[in-house]
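# Chain and residue survey
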Amino acid sequence: MARPNSVFEQFGYTGPCELARLNVCIDYLLRKEASEPMKTKKYFLLRWLLMAAAVMFLLLGLVKLCNYLLTDDSQSYTRLTMHELYERADAGEEVDTLFLGSSHCYRAYDPALYEELTGETAYNLGSSSQNYDTSYYLLREAARLYDLKTVYLDMHYKFLFMDSEDRDLVQANIISDYMRPSRNKLSFLLTTTEAKNYTNRFFPFRRNWQQLGDLVYLKENLEKKQTEGYRSYAPVTVEADRYAGRGFVWSDAKLDAEAITWWDNFGKVADDMKLDTAYPVSYIEKIVDFCRKKGIRLVFVTAPSLDQYLEAIGPYDPAHAYVQELADRYGVEYLDFNLTKRKYLDLTAENYIDVDHLNGSGAEQLTRLLVKAEGKPIDEYFSACYDDKYE
């Protein structure tokens, strides 16, 4: 087919009238003027979007590189705990029972043993110094991945009586650093952090920025991260402690109570109870509401502390009574293992690594008791107050 040799032919005009030919020419020019700016705008918009995406990609890569170079997490339990949480979900596995709380939790409840005794799959999402705001967002994260049936929330009184400004952001960082991108993670970062701390929360390397010029530190950190164990998320062993899987940390350490000479220096329950509870309780309420909406059974638990320690900081009963009042208010069952009758749980210093953290043998006893006490009348295994446990 022959190519049109004039503008007029492109528009299908071959008539002799010059006026008509002029009109066709003007119409062509107007169309050209109208179309070229539109094409130009689309081109520059696309170009800008591509450049923005490239810059964002480079920035994210730079942030990831800085995190890798400056953050030493080679002995982090939470890195393994969060990785395994997602890995099991990716593999299509289920979790029926979830444990939430601080180190008192991840050292106290053995999910593998719990599953062996009950047949229900379990996972321990405890983490060091975990506050209730972090517990709430971890619960949401786990419920996004699994169809949870039961949640045990550790209610150690030390984390109840705490002013909001005294919260430790480290306990939140060690979780958010390993959460996958999601709306839940973004909400966690924004709602539990003041604007002045956004830099440290969103960019983990910023917390170790001073190490940038320390070549020895950088070299040692890189060597740790190049090991097969680190890259494959192998269980971490730190002295007598080892990551045993599903978030649980087993310890072979044993407390030498006779070596402690500073019993009078521990903070008293009465002094702690003078602190504000509004912020922690606000997130406990969120946890209660979330579980109700999702049809998840919620149980409050308190892992036991060494009797000699409780006697030194006591009386303990007011702390128990406060948590019991919360449990009654929300209609939640509460198992305080500090009040377990002696004939069912007789722990000694041999079962602790320090005054309020269980070792592996103590965790085994506690997990077995938890399963045994399930569904039984509360007064069968527990005393009404601390002093009655000796009877």
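Residues numbered from 1 in each chain as written. Predicted model: local features only at pLDDT ≥ 70, side-chain atom pairs only at ≥ 80, totals over all residues. Heavy atoms only, no water.

## Here we look at the sheet that holds strand 1 (residues 97–100)
Spatially, the five strands line up as an open sheet ordered 2-1-3-7-8, and their pairing is parallel. Strand pairing shows two members of the sheet lacking a second neighbour, strand 2 (122–124) and strand 8 (333–336), which therefore form its edges. Across this sheet, the average inter-strand angle for adjacent strands is 20 degrees, counted without regard to direction. Bridge analysis of strand 3 (residues 150–154) against strand 7 (residues 297–302) gives five bridges, and the strand direction is parallel. The residue bridging T150 from the neighbouring strand is R297, located in strand 7. Strands strand 3 and strand 7 of the sheet are contacted by helix 13 (residues 278–294), whose axis makes an angle of about 145 degrees with strand 7. (Pairing = 2+ DSSP bridges. Helix = DSSP H or I, 4+ residues; strand = E, 2+ residues; numbered from the N terminus. Axes fitted to C-alpha atoms, helices over the stretch in contact; angles between N-to-C directions. Contact = heavy atoms within 4.5 Å.)

## Things to note about the side chain of S305
For S305, the location among the structural elements is in the loop between strand 7 and helix 14 (307–313). For S305, a relative accessible area of 5% translates into the label buried. Setting aside its immediate chain neighbours within four residues, S305 contacts H156, L310, N338, Y352, V355 and D356. (Buried < 20%, exposed > 50% of the residue type's maximum accessible area, 1.4 Å probe, protein only.)

## Here's the deal with a positive patch on the surface
A cluster of basic residues, R140, R183, K286, K293 and K294, forms a positive patch at the surface. Ranked by residues supplied to the positive patch, first place goes to helix 13 with three residues. Among the structural elements, K293 can be located in helix 13. (Patch = residues over 30% accessible without salt bridge, like charges linked within 9 Å, V, L, I, M, F, W, Y side chains within 5 Å. Areas by Shrake-Rupley, 256 points an atom, 1.4 Å probe, with all protein chains shown as cover. Salt bridge = Lys/Arg side-chain N within 4 Å of Asp/Glu carboxyl O. Lys, Arg positive; Asp, Glu negative; His and termini not counted. Charge placed at Lys NZ, Arg CZ, Asp CG, Glu CD.)

On their own, these measurements won't tell you what the molecule is for.
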